[in-house]
Amino acid sequence: MPEYVIAEENLDELRKKYDAEMKRSEDEFNAKYEEFLEGEKDFIPSIRQKRQSELQEMMDKNVAFKKEALRLLGKAREDAFAPLRAKIKNALQAVAKEGGYAFILNTDSDASPYIDPTIGHNVEPLLRSFLKIK
């Protein structure tokens, strides 16, 4: 479905933006950590403690951002594909009504390892036709 490709491209673009920000944050942390290591022996205890706290705070913020980015990406994925799932669900219902089917099985992920082809029917061609996809 063309909408699927568009949704995937949009999600990939969003993922790249989050990845770039995480990389920037990591680089900033690494630079600050190297600076700390270089000057650590010359710091008085109170300055060393302050710098360690700053580094810990940066690390905590980076971890929190990564968790939030993953949550937001998951939500964006859910939102992007919800209309597609609804469209497929509606198409499946129409195909089922038109074909007089009591149910339609989804055989993805080997959920139905065997279906007798003399009894069951593959509705994928009908669904593709209904959705106007090749």
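Scroll up to find the structure.
Residues numbered from 1 in each chain as written. Predicted model: local features only at pLDDT ≥ 70, side-chain atom pairs only at ≥ 80, totals over all residues. Heavy atoms only, no water.

With that settled, consider the overall build of the protein. A tally of regular secondary structure across the protein gives three helices and zero strands. The helix and strand sequence of the protein, counted from the amino end, reads α-α-α. Taking 2.2 N^0.38 as the reference for a compact globule, 134 residues should give roughly 14 Å; the C-alpha atoms of the protein span a radius of gyration of 26 Å, well beyond that estimate. Referenced to the eigenvectors of the C-alpha coordinate spread, the extents of the protein come out at roughly 80 × 30 × 20 Å. Taking all 134 residues of the protein together, the buried fraction comes to 18%. Residue pairs in contact within the protein that sit at least 24 positions apart in sequence constitute 70% of those at least 6 positions apart. About 10500 Å² of surface is accessible on the protein, with carbon and sulfur atoms providing 57% of the total. Here the protein contributes 23 positively and 26 negatively charged side chains, and the mean placements of these two sets differ by 4 Å. (Helix = DSSP H or I, 4+ residues; strand = E, 2+ residues; numbered from the N terminus. Rg over C-alpha atoms; globule rule 2.2 N^0.38 Å. Buried < 20%, exposed > 50% of the residue type's maximum accessible area, 1.4 Å probe, protein only. Contact = heavy atoms within 4.5 Å. Areas by Shrake-Rupley, 256 points an atom, 1.4 Å probe, with all protein chains shown as cover. Lys, Arg positive; Asp, Glu negative; His and termini not counted. Charge placed at Lys NZ, Arg CZ, Asp CG, Glu CD.)

We now examine the pattern of salt bridges. Scanning the entire structure with this criterion turns up 17 salt bridges. With a closest N to O distance of 3.1 Å, Glu 8 and Arg 77 form a salt bridge. Residue Glu 8 is found in helix α1 (residues 2-39), and its partner Arg 77 is found in helix α2 (residues 45-99); the two are separated by 69 residues along the sequence. The closest approach of N and O atoms between Arg 128 and Glu 124, which form a salt bridge, is 3.0 Å. Taken together, the positions of Arg 128 and Glu 124, both in helix α3 (residues 124-131) and four residues apart, correspond to about one turn of that helix. We classify Arg 128 as partly exposed; its relative accessible area is 33%. A residue is classified by how much of its surface remains accessible, and Glu 124, at 40% relative accessible area, is partly exposed. Put simply, Asp 12, Arg 15 and Lys 16 are held in one network by salt bridges that share partners. (Salt bridge = Lys/Arg side-chain N within 4 Å of Asp/Glu carboxyl O.)

A cluster of nonpolar side chains, Phe 103, Leu 105 and Ile 115, forms an exposed patch at the surface whose accessible area comes to about 320 Å². Among the secondary structure elements, Ile 115 is positioned in the loop between α2 and α3. (Patch = residues over 30% accessible without salt bridge, like charges linked within 9 Å, V, L, I, M, F, W, Y side chains within 5 Å.)

A separate point is unusual backbone geometry. Glycine aside, the phi torsion of most residues is negative, and most peptide linkages are trans. In this structure, Lys 132 takes a positive phi of about 60 degrees despite not being glycine. By secondary structure assignment, the location of Lys 132 is in the segment after α3. Judged by relative accessible area, Lys 132 falls into the exposed class, the value being 74%.

Another point: the packing of aromatic side chains. A full pass over the atoms with the stated rule returns four aromatic pairs. On the numbers, 5.2 Å between centres and 40 degrees between planes, the contact of Tyr 4 with Phe 81 is tilted. Taken as a pair, Tyr 4 in helix α1 and Phe 81 in helix α2 lie far apart in primary sequence, 77 residues in all. Relative accessible area serves as the criterion here: at 7%, Phe 81 is assigned to the buried category. Ring centres of Tyr 18 and Phe 65 lie 6.0 Å apart, and the angle between their planes is 55 degrees; on these two criteria the pair is classed as tilted. With Tyr 18 in helix α1 and Phe 65 in helix α2, this residue pair connects regions lying 47 residues apart in the sequence. Residue classification places Phe 65 among the partly exposed residues on the basis of a relative accessible area of 28%. (Phe/Tyr/Trp six-rings, centres within 6.5 Å; stacked < 30°, edge-to-face > 60°.)

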